[in-house]
Amino acid sequence: MKEFVTYPEKVSEFDFFYLKNIFAYQFGYDIADCVFDNSNSFFIQRSINTNRIRNILIDNNLFLVLRAQDNLFSLTLDSAKKIKMCSKSPRFRVIIPYDIAKVVRYSGNVFAKHVIEVDKSLRAGDQVIVVDSDDNIVAVGRLKLSAEEIIEYKRGVAVIVKERNKNEGNP
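Below you will find a few notes about this structure. All residue numbers refer to positions counted from 1 along the written sequence of the respective chain. This being a predicted model, a pLDDT of at least 70 is required before a residue's local features are given, and a value of 80 or more before pairs of side-chain atoms are given or counted; all residues contribute to the totals for chains, interfaces and linings. Side-chain metrics in this entry use all non-hydrogen atoms of the structure; hydrogen atoms and water are not considered.

## Brief notes about the sheet that holds strand E3 (residues 53-58)
So, step 1. One requirement defines pairing of two strands: DSSP has to find at least two bridges between them. In DSSP terms, a helix is any run of H or I states spanning at least four residues, a strand is any run of E spanning at least two, and both are numbered starting from the N terminus. A sheet is described by the order of its strands in space; here 5 strands give the open sequence E1-E2-E3-E4-E5, paired in antiparallel fashion. Across the chains shown, the open sheet's two edge strands, defined by having one partner strand only, are strand E1 (9-10) and strand E5 (73-75).
So, step 2. Note that strand E2 (residues 42-46) and E3 share 5 bridges and pair antiparallel. Paired with Gln-45 across the bridge in E3 is Asn-55.
So, step 3. In the packing of helix H1 (residues 13-27) onto the sheet, the strands contacted are E2, E3, strand E4 (61-66) and E5, and the crossing angle to E5 comes to about 70°.
So, step 4. Along the sheet, helix H3 (residues 77-86) contacts E4 and E5; its crossing angle with E4, the most-contacted strand, is approximately 85°. The criterion used for residue contact is that any of the two residues' heavy atoms lie within 4.5 Å. Angles here are taken between N-to-C directions and fall from 0 to 180 degrees, while the axes themselves are lines fitted to C-alpha atoms, restricted in helices to the stretch in contact.

## Regarding the sheet that holds strand E11 (residues 157-164)
So, step 1. Strand order in the open sheet made by the 6 strands is E7-E11-E10-E9-E6-E8, with mixed pairing throughout. Two strands lie at the open edges of the sheet, namely strand E7 (110-111) and strand E8 (117-118), each paired on one side alone.
So, step 2. In this sheet, E11 lies alongside E7 in antiparallel orientation, the contact comprising 2 bridges. Counterpart to Val-110 in the pairing with E11 is Val-159.
So, step 3. Seen against the sheet, H3 touches strand E6 (93-95), strand E9 (127-131), strand E10 (137-143) and E11 and runs at an angle of roughly 100° to E10.

## Brief notes about the side chain of Asp-15
So, step 1. Of note, Asp-15 is situated in helix H1.
So, step 2. Leave out the neighbours within four places in its chain, and Asp-15 touches Ile-44, Arg-46 and Ile-53.

## Points about the state of the cysteines
As used in these notes, a disulfide is a covalent bond between sulfur atoms, one from each of two cysteines.
So, step 1. Pairs of cysteine sulfur atoms within 2.5 Å are what we label disulfides. All told, the structure shown has 1 disulfide when counted by the stated rule.
So, step 2. Note on cysteine connectivity: Cys-34 is disulfide-linked to Cys-86, with sulfurs 1.9 Å apart. Because the sign of the S-S torsion sets the handedness, a value of about -70° for the bond joining Cys-34 and Cys-86 places this disulfide among the left-handed ones. With Cys-34 in helix H2 (residues 29-35) and Cys-86 in helix H3, this pair connects stretches of sequence that are 52 residues apart.

## So, the nonpolar core
So, step 1. Only buried residues count toward a nonpolar core, which is a set of Ala, Val, Leu, Ile, Met, Phe, Trp, Tyr and Cys residues joined through side-chain atoms within 4.5 Å. A simple rule labels every residue: compare its accessible area, found with a 1.4 Å probe on the protein chains alone, to the largest value its type can have, and call it buried under 20%, exposed over 50%, or partly exposed in between. Leu-19, Phe-23, Ile-56, Ile-83, Val-94 and Val-110 are the most contacted members of the largest nonpolar core, which has 53 residues in total.
So, step 2. The element contributing the most residues to this core is H1, with 6 residues.
So, step 3. In this view, Leu-19 contacts Val-11, Phe-36, Ile-44, Ile-53, Ile-56, Leu-66 and Phe-73; residues no more than four positions away in its chain are not counted.

## Topic: the environment of Phe-63
So, step 1. By the secondary structure assignment, Phe-63 is in strand E4.
So, step 2. Relative accessible area serves as the criterion here: at 5%, Phe-63 is assigned to the buried category.
So, step 3. The spacing of Phe-63 and Ile-44 is 19 residues in sequence and 9.8 Å in space, taken between C-alpha atoms.
So, step 4. Discounting chain neighbours no more than four positions away, the residues touching Phe-63 are Val-35, Phe-42, Ile-56, Leu-57, Ile-58, Thr-76, Asp-78, Ser-79 and Lys-82.

## Let's talk about the pattern of salt bridges
So, step 1. Definition used for salt bridges: Asp or Glu carboxyl oxygen within 4 Å of a side-chain nitrogen of Lys or Arg. In the structure shown here, the tally under the stated rule is 9 salt bridges.
So, step 2. Between Arg-67 and Asp-70 there is a salt bridge whose closest N-O contact spans 2.6 Å.
So, step 3. Taking the relative accessible area as the measure of exposure, Arg-67 reaches 14% and is therefore buried.
So, step 4. Measuring nitrogen to oxygen at the nearest pair gives 3.7 Å for the salt bridge that ties Arg-105 to Asp-132. Taken together, the residues Arg-105 in the loop between helix H4 (98-104) and E7 and Asp-132 in the loop between E9 and E10 connect sequence positions 27 residues apart. For the pair Arg-105 and Asp-132, a shared accessibility class is recorded, and that class is buried.
So, step 5. Counted as one network, the salt bridges with shared partners bring together Glu-9, Asp-15 and Arg-46.

In structure tokens form, the structure reads like this:
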């Protein structure tokens, strides 16, 4: 199987500034300052074809993915944990009941009727952290509906889950 990204390389000052500003655009400067606190721990992988940054790694673990189609980040469980530490509930979160969280940890998406609370500033297409009532990370995914629609609707998929936290506590 052919690799599509380069071997991890240390992030340069310019690339660190570039990535931090994309993150700030997507999540806010306060969260970007907290998440991108130390450039020494970040490594990047580039696309072999375009030489553009695709993956951001910390300690050889995938931390963020820079999407080619819109040049925004997709979250992983590691980045969700860091964002959760840097923000107060319900910011960037979709909160679901504990019994539904047990199901979502292993399969399926989050439906609008199961959402207890949601960050009102979120829009359709935004990256979100799915948490249970105790603010434990359940999954990360992409909103299918806006926050207003999630509150209003009682049918349909609210969050398309991308990665699940199969552990009961935080990752």
